[in-house]
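Each chain, letter by letter, is given below.
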Amino acid sequence: MLRLGILGSTRGTVLLSLIQAIQQKRLLAEISVVLSNKADALILEKAHAHHVSAQYLDPSGLTVAEYDEHLSSMLQAHHVELIVLIGYMRILSPAFVTAWRHRIINVHPSLLPAFAGGMDKNVHQAVLEANVKESGCTVHVVTEAVDAGPILLQKKCIVLPGDNVDRLKARVQQLEGEALIEVISSYKVPSPLTFEMAGDSLIQS
């Protein structure tokens, strides 16, 4: 069973989609640990409420590299095989991405490459201001370049007349959960050799 490590900084709404899918046997995986850089992040409360191991890692006084080294140690201690970013409001260090190459995925609330680089409600606001006809989400492999890793799956929704940020965000979040479940279900755990030599995508087409 695939062991997941979740990194999040916000409400963790999509975490509930993963938990529900696991409980319903639609996703054959286990959430080993949820880690956050925010002590008051609701994703920690949601994890605890569902008896999932969760912990706040204080970044105070640490460089990005030092913090990510601590983060990596925690993930290894929980035998994590795949890292999933859900509203994680930090840029991972190059050393961390290299150490976990092809084992980190992110769900972004837009149809990348459109609106790359933004986070949370800022992305939805930018979508509305651009007057585009559709939005959605993208699950992609995390690389050193922000929001530029190989795309694994996208799901789309129509931007409706009269939409505001909260309404659009709610529809996109539903898609985010569905997309992550699909991608994680197709993930193939690489051997150490494959981990070093794999191509751009771990998802079988």
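Above this note sits the structure.
Going along each chain's sequence as written, the residues are numbered from 1 onward. In keeping with the predicted nature of the model, local features appear solely for residues at pLDDT of at least 70, side-chain atom pairs appear and are counted solely at 80 or more, and the whole-chain, interface and lining totals rest on all residues. Each side-chain value is derived from all of the structure's non-hydrogen atoms; neither hydrogens nor water enter the calculation.

## As for the side chain of K155
Then step 1. Positionally, K155 belongs in strand 7 (residues 151-158).
Then step 2. Think of it in three bands: with a 1.4 Å probe and only protein chains considered, a residue is buried below 20% of the maximum accessible area for its type, exposed above 50%, and partly exposed in between. Since its relative accessible area comes to 18%, K155 is described here as buried.
Then step 3. In protein, a polar contact requires one atom able to donate a hydrogen and another able to accept it; more generally it is a pair of N or O atoms within 3.5 Å, and residues adjacent in sequence count only if both atoms are side-chain atoms. Within the structure, K155 has its side chain in polar contact with the side chain of E182 (distance 2.7 Å).
Then step 4. Excluding residues within four positions of it along the chain, K155 makes contact with L111, S135, G136, C137, L175, E178, A179 and E182. The helix and strand labels rest on DSSP assignments: H or I over at least four residues marks a helix, E over at least two residues marks a strand, and numbering proceeds from the N terminus. Contacts: residue pairs with any heavy atoms within 4.5 Å of one another.

## Some details on the packing of aromatic side chains
Then step 1. We call Phe, Tyr and Trp rings a pair once their centres come within 6.5 Å, taking the six-membered ring for Trp, and we label the pair stacked below 30 degrees between planes, edge-to-face above 60, and tilted otherwise. Counted under the stated rule, the structure contains one aromatic pair.
Then step 2. The cationic tip of R90 hangs over the ring face of Y67; the distance from NZ or CZ to the ring centre is 4.3 Å. Lysine and arginine charges are scored as sitting over a ring when NZ or CZ, respectively, is within 6 Å of the ring centre and within 35 degrees of the ring normal.

## What about a nonpolar patch on the surface?
Then step 1. A contiguous nonpolar patch, built from I91, M119 and V146 and spanning about 240 Å² of accessible area, is present on the exposed surface.
Then step 2. Here M119 shows up in the loop between strand 5 (104-108) and helix 5 (121-129).
Then step 3. Of the residues examined, M119 reaches a relative accessible area of 32% and is grouped as partly exposed. Residues enter patches when they are more than 30% accessible in relative terms and free of salt bridges; like-charged ones are connected within 9 Å and nonpolar ones (Val, Leu, Ile, Met, Phe, Trp, Tyr) within 5 Å. Only the protein chains shown count as cover for residues, and the accessible areas themselves come from Shrake-Rupley with a 1.4 Å probe. Salt bridge criterion: a side-chain nitrogen from Lys or Arg within 4 Å of a carboxyl oxygen from Asp or Glu.

## Section: the nonpolar core
Then step 1. Side-chain atoms within 4.5 Å are what join buried Ala, Val, Leu, Ile, Met, Phe, Trp, Tyr and Cys residues into a set we call a nonpolar core. Counting residues in hydrophobic clusters, the biggest one holds 42 residues, and the most contacted among them are I6, V34, L180 and I184.
Then step 2. Other than its neighbours up to four places away in sequence, L180 contacts V14, L18, V84, I86, I105, V107 and V139.
Then step 3. Formed by 18 residues, the second largest nonpolar core is a distinct cluster that contains L57, L71, M74 and V142.

## Remarks on the environment of L57
Then step 1. With respect to the helices, strands and loops of the structure, L57 is situated in the loop between strand 3 (54-56) and helix 3 (64-77).
Then step 2. For L57, a relative accessible area of 2% puts it in the buried group.
Then step 3. Sequence-wise, L57 and T13 are 44 residues apart; in three dimensions their C-alpha atoms are separated by 20 Å.
Then step 4. Setting aside chain neighbours within four positions, we find L57 in contact with L35, S36, N37, Y67, H70, L71 and M74.

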